[in-house]
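Residues per chain, in single letters:
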Amino acid sequence: MSPRRILRPLISLVAPLGAALLFGTTGIFSVACAQTPQPKAPDTIESRVQGCTACHGSHGQGTDNDYFPRLAGKPAEYLYNQLMNFRDGRRKYPPMNYLVTYLSDEYLHEIATYFSQQRPPYPPPSKPTVGDSVLARGEAIVLHGDAAKQVPACAACHGAKLTGMEPAIPGLVGLHSDYISAQIGAWRSGSRHAKAPDCMHEIATRLTDEDVNAVAAWLSTQNAPQNPVPAAAGSLKTPLACGSEPQ
Ligand code: HEC
Ligand code: HEC
């Protein structure tokens, strides 16, 4: 399918949502039901982010779609950095770029804080679709890294429980394997950037396709821990400098 054929319907879905964000209406619903006058929705952050929930779930928990990520509970500054990355073109996904184009820093921060405070339950982990040796390879890289390739353990920065670290490192539990491998692929191909030094670019380019596959497969089969909050700021000494994380 040509990108146009995918994007057109998406844009027609997102355009009213963008209007909701800018003008504080419930957008898609008021457009769909333009014939009948609707009672005005209260102008709260909950009503304004309704446009996001079609793809990210009612409380940011994610959906069954393999590419629509969970937002809930990720550190606020991480989510804020991503919204700015989409707005300023460091990260590319046209519906997201479009939605945040005209939003101010303050508004993006408010949205980021809202989703960081949501605590919907995690979906059950995926059933493995790869063999045990691939899962074992994935687990080894996540927990111990691969010294020969100078790949640090993912857990060194994303936390022993993989719930991330405040203020700006995201958790890796509750994500689909296709989303994870697409993000690592985007860092390798240069369509996703973080502030320099971009540690994830460094790490992504040291991994082979097989490594990425293995890591994504193992991560997606992990249960979220009992108390899935990000580790406290500064509690982990990151093995590489990351520009998105205050040093
Ligand atoms: C049409 C579906 C869609 C809509 C509507 C949408 N998103 Fe997204 N969002 C996505 C997809 C897909 C990605 C991952 C894109 C990529 O590959 O980088 C994403 C990524 C994100 C990320 C980065 C997540 C991470 O873990 O890195 C944030 C934050 C985000 N969206 C917030 C929002 C907010 C806030 C809204 C409402 C203003 C919104 N999104 C509306 C589909 C959508
Ligand atoms: C040196 C610290 C560090 C290490 C080690 C590290 N990461 Fe990251 N990771 C980060 C930071 C910082 C971000 C946020 C980047 C940004 O702001 O876009 C991130 C983001 C990510 C994301 C994006 C999550 C999302 O919701 O979009 C994925 C996926 C990821 N890392 C996977 C991995 C994997 C897999 C490994 C191990 C092979 C790993 N990381 C090792 C620091 C690290």
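Along each chain, residues carry numbers from 1 onward, in the same order as the chain's sequence is written. Numbering of ligands from 1 and lettering of chains from A proceed in the order in which they are written. Since the coordinates come from a predicted model, pLDDT governs what is reported: local features require at least 70, and pairs of side-chain atoms require 80 or more to be given and counted, while whole-chain, interface and lining totals use all residues.

By the naming in an unreviewed UniProt entry, the chain is Cytochrome c553, taken from Paraburkholderia eburnea.

A helix here means a DSSP run of H or I that spans at least four residues, while a strand means a run of E at least two residues long, and both kinds are numbered starting from the N terminus. Within the chain, the secondary structure is distributed over 12 helices and zero strands. By residue count, 36% of the 247 residues in the chain fall in the buried class. Whether two residues are in contact is decided by their C-beta atoms, placed from the backbone, lying within 7 Å. The contacts in the chain between residues at least 6 apart in sequence include a share of 70% that link residues at least 24 apart. In this scheme the burial state of a residue depends on its C-beta neighbours within 10 Å: 20 or more other such atoms mean buried, 12 or fewer mean exposed, and anything in between means partly exposed; the C-beta positions come from the backbone.

As a further point, take unusual backbone geometry. Each neighbour pair has its own omega, and for Glu 166 with Pro 167 the value is 0 degrees, a cis peptide bond. The phi dihedral of Gln 150 is positive, around 55 degrees, even though this residue is not glycine. Locating Gln 150 in the fold gives a position in the loop between helix H8 (132-144) and helix H9 (155-158). Given 12 C-beta atoms within 10 Å, Gln 150 falls into the exposed group. We note that Leu 162 has phi near 60 degrees; this positive angle belongs to a residue other than glycine. Tracing the backbone through its elements, the reader meets Leu 162 in the loop between H9 and helix H10 (177-189). The exposure class of Leu 162 is buried, given the 22 C-beta atoms found within 10 Å.

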